[in-house]
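Spelled out from the first residue to the last, the chains are:
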Amino acid sequence: MAETASTDVAEPRAPGEAPKSGARPADRHGLLKHSREFLDFFWDIAKPQQETRLEATEKLLEYLRARPEGSSELKYSLKRLITGLGVGRETARPCYSLALAQLLQAFEDIPLCGILHQIQEKYDLQKVKKGMVRPALFGNLFGVLALFQSGRLVKDSEALMQSVKLLQVLGQHYSHLQEQPQKALVDILSQVPEAMLQEVLPKVLKPDLNSVLGSPEHLELFLLAQQKVPKKLEKLMGPVNLFSDESIPRLVTVLKTAATSVKKERKLPAVALDLLRLALQEDSFPRFWKEVVEQGLLKKQFWPASYLCFRLLGAALPLLSKEQLQLVMRGDLIRHYGEHMVTAKVYTPPRPL
């Protein structure tokens, strides 16, 4: 869907830029009472150069610290940064989100629930016009991320619960956001105290193994609970064996999906490393390695899955016992890795004397 700007979510005109028509526009945003220096901060925050963005954010914070508590500049800054969360330019949204996070970190008296309410009011999914659904979805998502990146969300149970509910709503819009709301949810819950995770878990994890094995993000949430609150998880779902005959083919599918999702980043998906640790903890490593890794992920030549296996091999070696190392070093993966190192090596002719 094309992302077009509107008067609700578009970036305000650059300071000093003339209106398109000859008529002088009404000062709807109260810009005239603010200085050019102050307004330029917001223009620079969205620029492509990282150094410019960081410098503008720092100068904005210094400017606001020098103003009285509850100043009009602080109120305008919050409003302007929230507006920036849903601008038409995709590259600008995370810039405004990070700036909002740093502002909330610097001014801890600003209530997070109040900011979240402003975000949801600005990007009300029930009222937004059809053509502006996508910017509104991203406005809500980057708003929650700003609250999380401020470092304050995991300490505020009320704001956390409201953010979790919002992420669940956003997760229903997969065609626009893909797996991003669920990834954000896992990232947030990995940082919360155990007591808070126990409270939130029944609201975010369905007690259904089919749901757990439905995506890398749902599996990662299960593994997070398995690691941090195992008793609560068992009470919620009962005994679960992820390495059963029925579950192993589903694990392979989920890991292939995870491998594809990180292909550009060229890194080991967290869910794969967590599965490895669980297999070691439950004495299921031989089965995990042979049936999930070597007979599953390596069965057909699918390079994202192969690279996942190579990275998993590197992560696994320091964790293994002597017997487990012997299993790995005699298996198909180490041979496949050796063949790849030989065939992928680029030949460089010797330099002439």
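Keep in mind that this is a model prediction, so the values were computed, not measured.

Enquirer: What is the right way to look at the overall build of the protein chain in this model?
Expert: Check the secondary structure of the protein chain and you find 19 helices and zero strands. Relative to its full complement of 353 residues, the protein chain shows a buried share of 45%. Sequence-distant contacts, at least 24 apart, represent 71% of the contacts inside the protein chain between residues at least 6 apart. On the protein chain, roughly 19600 Å² of surface is accessible, and the fraction owed to carbon and sulfur atoms is 51%.

Enquirer: Whenever I open this one, the packing of aromatic side chains confuses me. Can you help?
Expert: Each aromatic ring pair is characterised by the separation of its centres together with the angle its planes make. Applying the stated rule across the entire model yields eleven aromatic pairs. On the basis of an interplanar angle of 55 degrees and a centroid distance of 5.8 Å, the ring pair of F38 and Y76 is categorised as tilted. Here the residue F38 occupies a position in helix α1 (residues 36-45), and Y76 occupies one in helix α3 (residues 72-84), the gap between them amounting to 38 residues. Using a relative accessible area of 0% as the deciding quantity, one classes F38 as buried. Overall, the relative accessible area of 8% leaves Y76 in the buried class. Taken together, the ring pairs connect F38, F41, F42, Y63 and Y76 into an aromatic cluster.

Enquirer: Looking at this model, I keep getting lost on the packing of helix α12 (residues 216-228) against helix α15 (residues 270-281). Mind explaining?
Expert: Packed helix pairs are specified by the crossing angle of their axes together with the interaxial distance, meaning the distance between the axes. Remark: α12 packs on α15, axes separated minimally by 10 Å, with the N-to-C direction vectors making an angle of 40 degrees. It follows that α12 is oblique to α15 by the angle criterion. Here the hand of the crossing between α12 and α15 comes out left-handed. Together, P216, L219, E220, L223 and Q226 of α12 and A270, V271, D274, L275 and L278 of α15 make up the contact between the two elements. Its residues placed into classes, the contact of α12 with α15 shows seven nonpolar, one polar and two charged.

Enquirer: What am I meant to see in the packing of helix α10 (residues 194-204) against helix α13 (residues 230-237) here?
Expert: Contact geometry of α10 with α13 gives a least axis separation of 10 Å together with a crossing angle of 25 degrees. As judged from the angle between their axes, α10 and α13 are roughly parallel. The element α10 and its partner α13 pack so that their crossing is right-handed. Contacts from Q198, L201 and P202 of α10 reach α13 at K232, L233 and L236. Counted by class, the contact of α10 with α13 contains four nonpolar, one polar and one charged residues.

Enquirer: It is not clear to me how unusual backbone geometry should be interpreted in this structure. Could you clarify?
Expert: Even without glycine at this site, Q178 takes up a positive phi of about 50 degrees. A positive phi angle, close to 55 degrees, is found at R266, a residue other than glycine. Tracing the backbone shows R266 in the loop between α14 (248-261) and α15.

Enquirer: So what exactly am I meant to see when it comes to the environment of M237 here?
Expert: Among the secondary structure elements, M237 is positioned in helix α13. Taking the relative accessible area as the measure of exposure, M237 reaches 16% and is therefore buried. Sequence separation between M237 and L205 is 32 residues; the distance between their C-alpha atoms is 9.4 Å. Here M237 is in contact with L205, K206, P207, D208, L209, V212 and F222, once residues within four sequence places are set aside.

Enquirer: Any chance you could explain the confidence of the model for the protein chain here in plain terms?
Expert: Do not read the fine detail of predicted coordinates wherever pLDDT is low. A residue-level look at the protein chain finds 88% of positions with pLDDT of 70 or above and a mean pLDDT of 86. Looking over the protein chain, one finds the lowest element-wise mean pLDDT in helix α19 (residues 332-344), namely 83, and the highest in helix α5 (residues 112-122), namely 96.

Enquirer: Mind showing me how you'd approach the pattern of salt bridges here?
Expert: When the charged atoms of two side chains with opposite charge come close together, those side chains can pair. Per the counting criterion, the structure on display carries eleven salt bridges. The shortest N-O distance in the salt bridge between K47 and D44 comes to 3.0 Å. The class of K47 is partly exposed, set by a relative accessible area of 31%. In this structure D44 comes out as partly exposed when scored by relative accessible area, which is 21%. R277 is paired through a salt bridge with D274; the nearest N and O atoms lie 3.9 Å apart. Of the two residues, R277 and D274 both sit in helix α15, three residues apart, roughly one turn of that helix. Judged by relative accessible area, which is 45%, R277 ranks as partly exposed. When salt bridges with common partners are traced through the structure, they connect D245, R287 and E291 into a single cluster.

Enquirer: What am I meant to see in α5 here?
Expert: The periodicity of an α-helix, 3.6 residues per turn, causes residues three or four positions apart to be oriented the same way. Every buried residue belonging to α5 is among L112, C113, I115, L116 and I119, and all of these are buried. One side of α5 holds all its buried residues, which, seen down the axis, span an arc of 160 degrees. Looking at the buried residues of α5, the elements they touch are α3, α4 (93-106), α6 (133-149) and α7 (157-170).

Enquirer: Would you explain helix α9 (residues 180-189) in this entry?
Expert: For α9, a buried count of seven out of ten residues is recorded, marking the element as mostly surrounded by other parts of the structure. Residues of α9 that are buried sit in contact with α6, α7, α8 (174-177), α10 and α12.

Rules behind the numbers
- Residues numbered from 1 in each chain as written.
- Predicted model: local features only at pLDDT ≥ 70, side-chain atom pairs only at ≥ 80, totals over all residues.
- Heavy atoms only, no water.
- Helix = DSSP H or I, 4+ residues; strand = E, 2+ residues; numbered from the N terminus.
- Buried < 20%, exposed > 50% of the residue type's maximum accessible area, 1.4 Å probe, protein only.
- Contact = heavy atoms within 4.5 Å.
- Areas by Shrake-Rupley, 256 points an atom, 1.4 Å probe, with all protein chains shown as cover.
- Phe/Tyr/Trp six-rings, centres within 6.5 Å; stacked < 30°, edge-to-face > 60°.
- Axes fitted to C-alpha atoms, helices over the stretch in contact; angles between N-to-C directions.
- Parallel < 35°, antiparallel > 145°, perpendicular 65-115°, else oblique.
- Left-handed = near helix turned anticlockwise from the far one by under 90°.
- Nonpolar A, V, L, I, M, F, W, Y, C, P; charged D, E, K, R; others polar.
- pLDDT = per-residue confidence, 0-100.
- Salt bridge = Lys/Arg side-chain N within 4 Å of Asp/Glu carboxyl O.
- Arc of directions from axis to C-beta.

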